[in-house]
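Examining the three-dimensional arrangement
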Amino acid sequence: SITSEVCGLSRRTAARLFLGDIRALYQELSVRSASPELLQYANGAREPYRYVLKELEDRLEHTVLWTKSHNTTIAIDESKVITNTAQLMEPLLMLHESLQSKGLPEIADGLLVDTIRRLDAFGLAMLPLDIRQESSRHSEALDAITERLGLGSYLSWDEETRREWLCKEIKSKRPLLPKGTPLKKMGFSDTVVDTLETFELAAKLVPGSLGAYVISQCQQASDVLAVTLLQLDAGILEPLRVVPLFETLDDLQRSAATMEALFSMPAYKNHIKGKQEIMVGYSDSAKDAGRLAASWAQYKCQEEMVDIGAAHGVELTFFHGKGGTVGRGGTPALFRAIMAH
């Protein structure tokens, strides 16, 4: 899929760039004086820094090949592949600490620190992707699942019934669907299969490749619980941040009640570990209510949600869905447009 190709390209680019840094460091760090920890790690090698860097170079070369392995028949030793930032960061920090301990801060704080900073900023995923899908697609997928399980139509349930069932399933360890059976053989529609395959793909990707799962047209608490459940059911090792996007005027006005309901549910609150990201939409709300009314609703809903987060001990992060134009909330053009009224 496009998502998987982009994630692979991003990791390949990062691995190649860090490979260049490691090769430059290999040329620079011919120092022999090292800390006991580094000497032990390097098995007493004559040039311990280069020993570690040569090992990292080999692993990054394997990582580059691994990221394009679906297009090649080259055999790859996957035990050498670097899949998370810590696997590269820890040896570099060990080199830095060794140089510092031996009174060589000028060398430690040169190219080596530059590489460590780049790694900390970008990681090996370099550009984690966000997934964005409309809430109705998740409801449609869950409706197909509940019908298959003989529980009735999810779409016909009221909000309270949906919340109760979703919370019960989030706490349950039982899978919703039998694993190993192709989705297309279950009689689901193409859109349901597409929605569920997105979650399956997220579970297959290396953790860190994806960032947030944004729910467009989020209208109620069950919309957020639905994505939380579908992620868990797909077996995503590090679930993506579930980010409700409140877009229309009605959604903005209901947003505080939606978050209050979510934070009041132990099954959800335990899952988020005290942190919640929320996206505030500017385009749809401006079209829906006008620029001034939309701006006021955005301000009010954020004030209310901050109070609710504080009351429940949840740290909120707001992401603003702004564009450059007035219609999409771009400033200072939006301010001038409102003042012109």
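Described in the following lines is the structure provided in the data block.

Here the focus is the overall build of the protein chain. Helix and strand counts for the protein chain come out as 14 helices and five strands. Along the three orthogonal principal directions, the C-alpha set of the protein chain runs to about 70 × 55 × 35 Å. Sorting the 341 residues of the protein chain into buried and exposed places 47% on the buried side. For the protein chain, the proportion of contacts with a sequence separation of at least 24, taken over those separated by at least 6, is 70%. Total accessible area on the protein chain is roughly 17300 Å²; 52% of this is exposed by carbon and sulfur atoms. Of the charged side chains in the protein chain, 38 are positive and 45 negative, and the gap between their average positions amounts to 4 Å.

This part covers the nonpolar core. Core analysis: the biggest nonpolar cluster contains 59 residues, and Leu142, Phe188, Leu196, Phe263 and Met305 have the highest contact counts within it. Filtering out sequence-adjacent residues up to four positions away, leucine 196 remains in contact with Ala141, Ile145, Leu177, Leu183, Phe188 and Leu230. Of all hydrophobic cores here, the second largest spans 29 residues; its members include Leu19, Leu56, Leu95 and Met126.

What follows deals with the state of the cysteines. Note on terminology: disulfide describes a covalent bond linking the sulfur atoms of two cysteines. All chains considered together, the criterion is met by zero disulfides. Free of any disulfide, cysteine 218 has its nearest neighbouring cysteine sulfur in cysteine 301, separated by 12 Å. The buried category is assigned to cysteine 218, whose relative accessible area is 0%.

Below, the discussion takes up the environment of arginine 118. In this structure, arginine 118 sits in helix H5 (residues 105-122). Judged by relative accessible area, which is 34%, arginine 118 ranks as partly exposed. The contacts of arginine 118, once residues within four sequence positions are left out, are Phe18, Asp21, Leu111 and Gly123.

One non-glycine residue, asparagine 43, adopts positive backbone phi at about 55°. Tracing the backbone shows asparagine 43 in the loop between helix H2 (36-41) and helix H3 (48-67). A positive phi angle, near 60°, is found at methionine 126, a position not held by glycine. Relative to the elements of secondary structure, methionine 126 occurs in the loop between H5 and strand E1 (129-134).

As enumerated under the stated definition, the model contains five aromatic pairs in all. Here the aromatic cluster, defined as three or more aromatic residues joined through ring pairs, consists of Tyr154, Trp157 and Trp165. Note that arginine 50 overlies the ring of tyrosine 26, its terminal NZ or CZ placed 5.0 Å from the centroid. The positively charged end of lysine 54 is found above the aromatic ring belonging to tyrosine 26, 5.8 Å away from the centroid.

It is worth spelling out the packing of helix H1 (residues 2-28) against H3 at this point. Closest axis-to-axis distance for the H1/H3 pair is 9 Å, and the angle between their directions is 160°. The pairing of H1 with H3 is recorded here as roughly antiparallel in orientation. Crossing handedness for the pair H1 and H3: left-handed. Judged by residue contacts, Gly8, Arg11, Arg12, Ala15, Arg16, Phe18, Leu19, Ile22, Arg23, Leu25, Tyr26 and Gln27 of H1 engage Arg50, Leu53, Lys54, Leu56, Glu57, Leu60, Glu61, Thr63, Val64, Trp66 and Thr67 from H3.

Our focus in this paragraph is helix H13 (residues 291-312). The end-to-end C-alpha distance of H13 is 32 Å, a good match for the 32 Å that 22 residues give at a rise of 1.5 Å each. Glycine 313 sits one or two positions beyond H13 and adopts a positive phi of about 70°.

On to the environment of phenylalanine 199. Locating phenylalanine 199 in the fold gives a position in helix H8 (residues 190-204). With a relative accessible area of 3%, phenylalanine 199 lands in the buried category. Sequence separation between phenylalanine 199 and leucine 230 is 31 residues, and the spatial gap between their C-alpha atoms is 7.0 Å. Leave out the neighbours within four places in its chain, and phenylalanine 199 touches His138, Tyr213, Val227, Leu230, Gln231, Ala234 and Ile236.

Turning to the side chain of glutamate 169, a few remarks are in order. Structurally, glutamate 169 is set in helix H7 (residues 159-171). Side chain to side chain, glutamate 169 and arginine 174 meet in a polar contact 2.9 Å long. Apart from residues no more than four positions distant in its own chain, glutamate 169 is found in contact with Arg174, Leu176 and Leu229.

Conventions we followed
- Residues numbered from 1 in each chain as written.
- Predicted model: local features only at pLDDT ≥ 70, side-chain atom pairs only at ≥ 80, totals over all residues.
- Heavy atoms only, no water.
- Helix = DSSP H or I, 4+ residues; strand = E, 2+ residues; numbered from the N terminus.
- Buried < 20%, exposed > 50% of the residue type's maximum accessible area, 1.4 Å probe, protein only.
- Contact = heavy atoms within 4.5 Å.
- Areas by Shrake-Rupley, 256 points an atom, 1.4 Å probe, with all protein chains shown as cover.
- Lys, Arg positive; Asp, Glu negative; His and termini not counted.
- Charge placed at Lys NZ, Arg CZ, Asp CG, Glu CD.
- Core = buried A, V, L, I, M, F, W, Y, C linked by side-chain atoms within 4.5 Å.
- Disulfide = S-S within 2.5 Å.
- Phe/Tyr/Trp six-rings, centres within 6.5 Å; stacked < 30°, edge-to-face > 60°.
- Lys NZ or Arg CZ within 6 Å of the ring centre and 35° of its normal.
- Axes fitted to C-alpha atoms, helices over the stretch in contact; angles between N-to-C directions.
- Parallel < 35°, antiparallel > 145°, perpendicular 65-115°, else oblique.
- Left-handed = near helix turned anticlockwise from the far one by under 90°.
- Expected span 1.5 Å × (residues − 1).
- Polar contact = N/O pair within 3.5 Å; in protein donor to acceptor, adjacent residues only side chain to side chain.

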